[in-house]
Protein chains: 2
Amino acid sequence: MRTSKYLVSTLKETPNDAEVVSHQLMLRAGMIRKLASGLYTWLPTGLRVLRKVENIVREEMDNAGSVETLMPVVQPSDLWEETGRWEKFGPELLRIKDRNQRSFVLGPTHEEVITDMIRNEVKSYKQLPLNLYQIQTKFRDEVRPRFGVMRSREFIMKDAYSFHLDQDSLDETYAEMHQAYCNVFNRMGLDFRPVLADTGSIGGSASHEFHVLAESGEDLIAFSTESDFAANIEKAEAIAPTTELAAPTQEMTLVDTPNAKTIAELVEQFELPIEKTVKTLFVKASEESEFEIIALIIRGDHELNEIKAEKLPQVAEPLEMAGEEEIRAAIGAGPGSLGPVGLKLPFIVDRSVAVMSDFGAGANVDGQHYFGINWGRDVELAQVEDLRNVVEGDPSPCGKGVIQLKRGIEVGHIFQLGNNYSKSMNATVLDANGKSAIVEMGCYGIGCTRVVAAAIEQNHDQNGIIWPEAIAPFQVAIVPMNMHKSERVKEAAEKLYADLTAQGIEVLFDDRKERPGVMFKDIELIGIPHTVVIGDRSMDNGHFEYKNRRDGEKVPVEMDNIVAHLQGLLK
Amino acid sequence: MRTSKYLVSTLKETPNDAEVVSHQLMLRAGMIRKLASGLYTWLPTGLRVLRKVENIVREEMDNAGSVETLMPVVQPSDLWEETGRWEKFGPELLRIKDRNQRSFVLGPTHEEVITDMIRNEVKSYKQLPLNLYQIQTKFRDEVRPRFGVMRSREFIMKDAYSFHLDQDSLDETYAEMHQAYCNVFNRMGLDFRPVLADTGSIGGSASHEFHVLAESGEDLIAFSTESDFAANIEKAEAIAPTTELAAPTQEMTLVDTPNAKTIAELVEQFELPIEKTVKTLFVKASEESEFEIIALIIRGDHELNEIKAEKLPQVAEPLEMAGEEEIRAAIGAGPGSLGPVGLKLPFIVDRSVAVMSDFGAGANVDGQHYFGINWGRDVELAQVEDLRNVVEGDPSPCGKGVIQLKRGIEVGHIFQLGNNYSKSMNATVLDANGKSAIVEMGCYGIGCTRVVAAAIEQNHDQNGIIWPEAIAPFQVAIVPMNMHKSERVKEAAEKLYADLTAQGIEVLFDDRKERPGVMFKDIELIGIPHTVVIGDRSMDNGHFEYKNRRDGEKVPVEMDNIVAHLQGLLK
């Protein structure tokens, strides 16, 4: 590709409205442009990367026996009514009406459409298992689209759906998809981890997310220092401490704490170790409880894991924190002075709290705390659960090593759906005995557009993007110095361009009338892995200069040897 | 691909609601399924064809120097307001609102979005010419979606847009696109014609449609028998007859014709040659006329060309026929008795009518006609225009040969837009003198999903589809006879499948437990060009049977030679 016939569209300045580095660099490198909130045009450079991502995904899905199909973007509402998601899905589901006032949605996902197709087309267990995928535009009307294509409204996903007669078959395909996803992200040259994920409100028996590790990631991943264990922090179990409950050494005392509204203030003003404090949080109770709200107690230095809390039968789903007025009406005191001693409402304590002794907590009277609380003696320990996020240093739930935390960007998700959709939509086949059986389903997604942004978060420096070879927009850049003045440089550049192109190598040939500095900056910003600089000075010595984007290495390469040199690097 | 892991989904019966053969065969061959009116899921077999179409288009666009990009499906309304199309476009433009009640459209085309992008990104004439394309999902809320993917609401188009400093540059790219389109349809193995097309209300200086010839086509194409001339009948000029106006031989007489309401009845009851009759049609006049309606007069055996009529300054655009009441109020007579003699309103006559003598026409009195009318003597000949569709045998407007008509399906359209969009959206560049210049634009579309249907209309027989090699879903089918009983057949089939696949040949291996007859029918219906039948009987003679889908030829091929034989055919 010649830059003169191409839309380079690089920007010198970082646009104001781009918060994360991938968004900044995608704008600066001329990969995307915003059309409206959460809607992006993919400029040529961006699309070249996106297509490479799609093609790697396509090849690995094909290799794994998944069959490509294509479902409409626009879906009729009646299918969504069948599964109940027409009601349940929030305003992210963009509902539209056609000219005849019939209701449709812009598909954020395609479980309904594919399950409808399968119930019509598949009649016998002999046609199963079947694994179908598509690479298609999706739409989610996000309340706050941001970070460019990382969280856009219109995006491209690969979504696959598998159908099975039984759980064993689903397990087998699930394992194949797990492997295919590893192949996909390995081929892309990304540092990623498959991590255990929460199966959420849908239930389902297994779920893994695939995260590209990057400091800017929105998700926290818990790893074991000594095994392959990896789980989203939402899902990672904080195992029960093995330490025994220590015997009391202090009397329980009521202390005036008028200026200690937070744990931090309490710790500072009373020289209490934070591990000797607890946070008492009130959440809405579920319908099965006789109370309106219920208390969750975690150690002062820990964080509530909302996913874990939400799964408790006594807790309303989705999780909702109680308001101050509601708490005050029930307890007689407000946040900052709450605790288990004398509490008239039920409470659940975290595993780490259950082994605390001589600890401090609010007295359920404004401006007062109890210090030296001990379970059993001062207050009965009732229900103990895993309520908190793991922290670094926690023993790993796998039994080996301790927890280490890293940030990740979720780019893929595989999920055993079971019969959640097939049951409500009555997708059945005849089994070997001629009996009707509801099919089991799995679903498998990769956010193709998001992968592009995630790859940049992981691969960049202060000068721009550093593409992994497999998804680089071009493999090689040719930068001729003063080509428009030196006939010799022009000839050499044109010849190299022709030679490399003939070898099937994707080349960006910068034939613009620009100063060398401008060209170098653009090529670095765009992040092309290999650059050949052609100039009169090095040609005097029979050389071109080769530059590597990732390590910055510059070496002279004999002119006659340059094609072979690049071929060796691209192998 | 093994049928056991694939979704074959063929149908024995022709679905009731499919009118045209391509729609019937696409359903029966398991290529598409209807999700809702005008919305289709592409099943694996259909998508394989569609992807081949897209890839051929992509390669030829790349070869022609067009650069791929990707614009959102969802477009903000404000761009459409800038060009005035938010108002002008009919209900085919699906207007939607997001969660914040902002207006968007589902893009039926992308002139607005790309022009907006260009005005932001391109500042200098040095960046021009630039030619960008995308292959993207489009939506048109058709009033009557029909014929399957031939006229669906959601469809996939390749749309390209080129930008230029001047007309010469536009002409050059236009010619390149014309050639690229010929390459595309030639590579697909389709019998097609580029034809002159009307430039419509947008104006613009040149336009060609690309039609796949097929008897079921909705468009009529006029060809010269002796040159390359081809034009959509909408556009084909009916040149002025060279015959001189003959001198009168009859007196004009008023005749009672109470039972002759139509030309056919007049011809039959009065033994009048149809070439001696005229049709007088009233249409709404344009605002520049002082009258409400105006008459257009064509020969009794000719058809009005609405596109030609609409272009006349006196005629309202879009063309609208006058109602009977309106005509009766103005003339005092109704349709069936109208004519030029004594008409109180202006009329325009077709070129063929201007050379008629001794002809009959309505007397503008119900139930009466004049016979023996002659121009000049009985009524003045005023304005003469080309008003009719050409018919077979007309002299070709190219000056060579006569007109021949064929039916075609429009699959592509190239168009010089000039500055229609760039002017209203103020897309300018600085020219070589540093002056601001509005860019010139061209646009170039191919209906990828429609091409698939058009190819079937042209390539089928009573047993199913007959794919041209380049867009066949699979190149070769392997049909083993009783594989599940004969170990020898199974081994041979598995080996051949592995050997062909290793050569990069796309094979559908029918490994289902089905009777041979079922398999043969499916393979013929799906239309795979080459089939290898593997059975014990022919293997006893050291042969496999080769079958060609197009010519039905069956030949025995030595087992050891089968891969080479197929490679030879696929060359």
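Reading guide: rules and limits
- All residue numbers here refer to positions counted from 1 along the written sequence of the relevant chain.
- Both sets of labels track the order of writing: A upward for chains, 1 upward for ligands.
- In view of the model being predicted, local features appear only for residues whose pLDDT reaches at least 70, and side-chain atom pairs are presented and counted only at 80 or more, with totals across whole chains, interfaces and linings using the full set of residues.
- Water and hydrogen atoms play no part in the side-chain values, which are based on all heavy atoms of the structure.
- Working definition: helices are DSSP H or I runs of at least four residues, strands are E runs of at least two. Numbering for both runs from the N terminus.
- Here's how the labels work: a residue is buried when its accessible area is under 20% of the maximum for its type, exposed when over 50%, partly exposed in between, all with a 1.4 Å probe on protein chains only.
- Here a residue-residue contact requires only that any non-hydrogen atoms of the pair lie within 4.5 Å.
- Only the protein chains shown count as covering a residue, and every accessible area follows the Shrake-Rupley method with a 1.4 Å probe.
- In this tally, Lys and Arg are treated as positive and Asp and Glu as negative; His is ignored, and so are the chain termini.
- By convention, the point assigned to a charge is CZ for Arg, NZ for Lys, CD for Glu and CG for Asp.
- Side-chain rings of Phe, Tyr and Trp (the six-membered ring for Trp) are treated as a pair once their centres are within 6.5 Å; stacked means planes under 30 degrees apart, edge-to-face means over 60, and tilted covers the remaining angles.
- Two limits define a charge over a ring: the Lys NZ or Arg CZ must be within 6 Å of the ring centre, and within 35 degrees of the ring normal.
- Angular values range over 0 to 180 degrees, each being the angle between N-to-C directions of two axes fitted as lines to C-alpha atoms, with helices fitted over their stretch in contact.
- An angle below 35 degrees is read as roughly parallel, one above 145 as roughly antiparallel, one from 65 to 115 as roughly perpendicular, and any other as oblique.
- Residue polarity is assigned by list, with Asp, Glu, Lys and Arg as charged and Ala, Val, Leu, Ile, Met, Phe, Trp, Tyr, Cys and Pro as nonpolar; anything else, Gly included, falls into the polar class.
- At least two DSSP bridges between two strands are required for those strands to pair.
- This arc describes the spread of directions from the helix axis toward the C-beta atoms.
- All copies are superposed by least squares; the fitting set is the C-alpha atoms of residues with a pLDDT of at least 70 in both.
- Take a side-chain nitrogen of Lys or Arg and a carboxyl oxygen of Asp or Glu: if they are within 4 Å of each other, that pair is a salt bridge.
- Once two parts are joined, some of their accessible surface, as seen by a 1.4 Å probe, is lost; buried area is that loss totalled over both.
- By convention here, the domain bounds are inherited from an automatic or database domain assignment.
- pLDDT measures the predictor's confidence residue by residue and takes values from 0 up to 100.
- Put simply, buried Ala, Val, Leu, Ile, Met, Phe, Trp, Tyr and Cys residues joined by side-chain atoms within 4.5 Å make one nonpolar core.
- Within this analysis, patches are made of residues with over 30% relative accessible area and no salt bridge. Like charges are joined at 9 Å or less; nonpolar side chains (Val, Leu, Ile, Met, Phe, Trp, Tyr) at 5 Å or less.
- It is the rotation of the near helix from the far one that decides the hand of a crossing: anticlockwise by less than a right angle makes it left-handed, clockwise makes it right-handed.

1. Concerning the overall build of chain A
Stage number 1. Counting its secondary structure elements, chain A contains 16 helices and 30 strands.
Stage number 2. Viewed in the frame of its principal axes, chain A has a C-alpha envelope of about 90 × 70 × 50 Å.
Stage number 3. The buried share among the 571 residues of chain A stands at 57%.
Stage number 4. Counting contacts in chain A only where the partners sit at least 6 residues apart, residues at least 24 apart contribute 67% of the total.
Stage number 5. Of the roughly 23900 Å² of accessible surface on chain A, 47% is carried by carbon and sulfur atoms.
Stage number 6. Where the 61 positive side-chain charges of chain A centre and where its 89 negative ones centre are 7 Å apart.

2. Section: the packing of aromatic side chains
All names here are of chain A.
Stage number 1. Across all of its chains, the model carries 24 aromatic pairs over all chains by this definition.
Stage number 2. Ring geometry for Y174 against Y444: centres 6.5 Å apart, planes inclined by 50°, an arrangement best described as tilted. Of the two residues, Y174 is situated in helix α6 (residues 167–187) and Y444 in strand β23 (residues 440–447); the sequence distance between them amounts to 270 residues. Accessibility assignment for this pair places Y174 and Y444 in one class, buried.
Stage number 3. Seen from their ring centres, F185 and F192 are 5.6 Å apart, and the 50° between their planes marks the pair as tilted. Both residues of the pair, F185 and F192, count as buried.
Stage number 4. Members of the aromatic cluster, joined through ring pairs, are Y181, F185, F192 and F210.
Stage number 5. The positively charged end of K406 is found above the aromatic ring belonging to F223, 5.6 Å away from the centroid.

3. Overview of the packing of helix α1 (residues 21–28) of chain A against helix α12 (residues 448–458) of chain A
Residues and elements named next belong to chain A.
Stage number 1. One way to put it is that α1 packs onto α12 with a least axis distance of 8 Å and a crossing angle of 105°. Of the possible angle classes, the one that applies to α1 and α12 is roughly perpendicular. Seen from α1, the contacting residues are V21, S22, L25 and M26; seen from α12, they are V452, A453, I456 and E457.
Stage number 2. Considering only residue class, the contact of α1 with α12 consists of 6 nonpolar, 1 polar and 1 charged.

4. Some details on the pairing of β23 of chain A
All names here are of chain A.
Stage number 1. The element β23 is extensively covered by neighbouring structure, given that 8 of its 8 residues are classed as buried.
Stage number 2. Burial along β23 is two-sided: the face carrying E440, G442, Y444 and I446 and the face carrying M441, C443, G445 and G447 are both buried.
Stage number 3. Summarising the sheet, strand β20 (residues 403–418) and β23 pair through 6 bridges and their orientation is antiparallel. Within the sheet, the bridge partner assigned to Q416 lies in β23 and is G442.

5. Re helix α16 (residues 562–570) of chain A
Residues and elements named next belong to chain A.
Stage number 1. Residues of α16 that are buried include every one of I562, V563 and L566, and no others. The buried residues of α16 occupy one face: seen down the axis, they fall within an arc of 100°.
Stage number 2. Considering only its buried residues, α16 is in contact with β26 (476–480), α13 (487–502), β28 (530–534), β29 (543–548) and β30 (554–558).

6. Here's the deal with the relation of the copies chain A and chain B
One copy of the chain maps onto the other through a rotation about an axis plus a displacement along that axis.
Stage number 1. Turning chain A through 180° and shifting it by 0.0 Å along the axis lays it on chain B, with an RMSD of 0.1 Å. Both chain copies can therefore be described as sitting about a two-fold axis. Among all residues of chain A, the one whose C-alpha sits closest to the rotation axis is I96 of chain A, at a distance of 3.1 Å.

7. Some thoughts on the pattern of salt bridges
Between side chains of opposite charge, a pair can form when the charged atoms approach closely.
Stage number 1. Enumeration over the complete set of coordinates arrives at 80 salt bridges over all chains.
Stage number 2. Close ionic contact of R85 of chain A with E111 of chain A constitutes a salt bridge, the shortest N to O distance being 2.9 Å. Taken together, the residues R85 of chain A in helix α4 (residues 85–88) and E111 of chain A in helix α5 (residues 111–121) connect sequence positions 26 residues apart. The same class applies to R85 of chain A and to E111 of chain A, which are both buried.
Stage number 3. As a salt-bridge pair, D98 of chain A and R153 of chain B come within 2.9 Å of each other at their nearest N and O atoms.

8. Structural notes on the interface of chain A and chain B
Many authors give the size of an interface as the accessible area that is lost as the parts come together.
Stage number 1. Chain A puts 57 residues into the contact, and the matching count from chain B is 57 residues.
Stage number 2. Taken as a group, L35, L70 and R99 of chain A account for 16% of the area that chain A buries against chain B, more than any other trio of residues on that side.
Stage number 3. Here chain A is connected to chain B by 8 salt bridges.
Stage number 4. Between R99 of chain A and E92 of chain B there is a salt bridge; the shortest N-O distance is 3.4 Å.

9. Some remarks on the domain arrangement of chain A
Stage number 1. When the domains of chain A are assigned, the result is domain 1 (3–220 + 409–456), domain 2 (253–385) and domain 3 (474–570).
Stage number 2. Computed over C-alpha atoms only, the centres of domain 1 of chain A and domain 2 of chain A are separated by 40 Å.

10. A short note on unusual backbone geometry
Stage number 1. Residue L128 of chain A is joined to P129 of chain A through a cis peptide bond whose omega torsion reads -5°.
Stage number 2. Note on placement: P129 of chain A falls in the loop between α5 and β7 (130–139).
Stage number 3. At F147 of chain A, a residue that is not glycine, the phi angle is positive and equals roughly 60°.
Stage number 4. By the element assignment, F147 of chain A lies in the loop between β7 and β8 (154–164).
Stage number 5. Owing to a relative accessible area of 14%, F147 of chain A belongs among the buried residues under this scheme.
Stage number 6. We note that N364 of chain B has phi near 60°; this positive angle belongs to a residue other than glycine.
Stage number 7. Mapped onto the elements, N364 of chain B comes out in the loop between β17 (359–362) and β18 (368–373).

11. Quick word on helix α12 (residues 448–458) of chain B
Stage number 1. Of all 11 residues in α12 of chain B, 10 are buried; the element is thus mostly enclosed.
Stage number 2. Regarding α12 of chain B, the residues found buried are C448, T449, R450, V451, V452, A453, A454, A455, I456 and E457 of chain B.

12. Considerations on the confidence of the model for chain A
Stage number 1. Across chain A, the average pLDDT comes to 95, with 99% of residues at 70 or higher.
Stage number 2. Across the interfaces of the predicted complex, the ipTM metric reaches 0.91, alongside a pTM of 0.92.

13. Quick look at the nonpolar core
Stage number 1. Core analysis: the largest hydrophobic core is formed by 211 residues, its most contacted members being F185 of chain A together with F185 of chain B.
Stage number 2. Among residues more than four places away in sequence, those in contact with F185 of chain A are L190, F192, F210, V411, I446 and V451 of chain A.

14. Let's talk about the sheet that holds strand β4 (residues 74–76) of chain A
Within a sheet, adjacent strands bond to each other through the backbone by hydrogen bonds, running parallel or antiparallel.
All names here are of chain A.
Stage number 1. Ordered by their spatial adjacency, 3 strands build an open sheet running β4-β6-β5, and the pairing between neighbours is antiparallel. Only two strands of the sheet have a single neighbouring strand rather than two, namely β4 and β5 (95–97). If you compare each strand with its neighbour and ignore which way they point, the axes differ by 40° on average.
Stage number 2. When β4 meets strand β6 (residues 103–106), the two strands line up antiparallel, connected through 3 bridges. Looking across to β6, one finds that P76 is bridged to F104.

15. Side note on the sheet that holds β26 of chain A
Residues and elements named next belong to chain A.
Stage number 1. Read across the open sheet, the 5 strands follow the order β27-β26-β28-β29-β30; overall the sheet is mixed. Two strands close off the open sheet at either side, each with one partner strand: β27 (507–509) and β30. Pairs of neighbouring strands in the sheet enclose a mean axial angle of 25°, with direction left out of account.
Stage number 2. Sheet analysis places β29 next to β30, joined by 5 bridges and oriented antiparallel. The residue of β30 that forms the bridge with Y546 is V555.
Stage number 3. Along the sheet, α16 makes contact with β26, β28, β29 and β30, crossing β28 at roughly 165°.

16. Focus on a negative patch on the surface
Stage number 1. A cluster of acidic side chains, namely D166, D168, D171, E172 and E176 of chain A, defines a negative patch on the protein surface.
Stage number 2. By the secondary structure assignment, D168 of chain A is in helix α6.

17. Considering the packing of helix α13 (residues 487–502) of chain B against helix α16 (residues 562–570) of chain B
Residue and element names in this part refer to chain B.
Stage number 1. Where α13 meets α16, the axes come as close as 10 Å, and the angle between the chain directions of the two elements is 40°. What the angle tells us is that α13 and α16 run oblique. Crossing handedness for the pair α13 and α16: right-handed. Contact with α13, carried on its side by L496, D499 and L500, involves I562, V563 and L566 of α16 and no other residues of that element.
Stage number 2. Each residue belonging to the contact of α13 with α16 can be placed in one class, and the counts come to 5 nonpolar, no polar and 1 charged.

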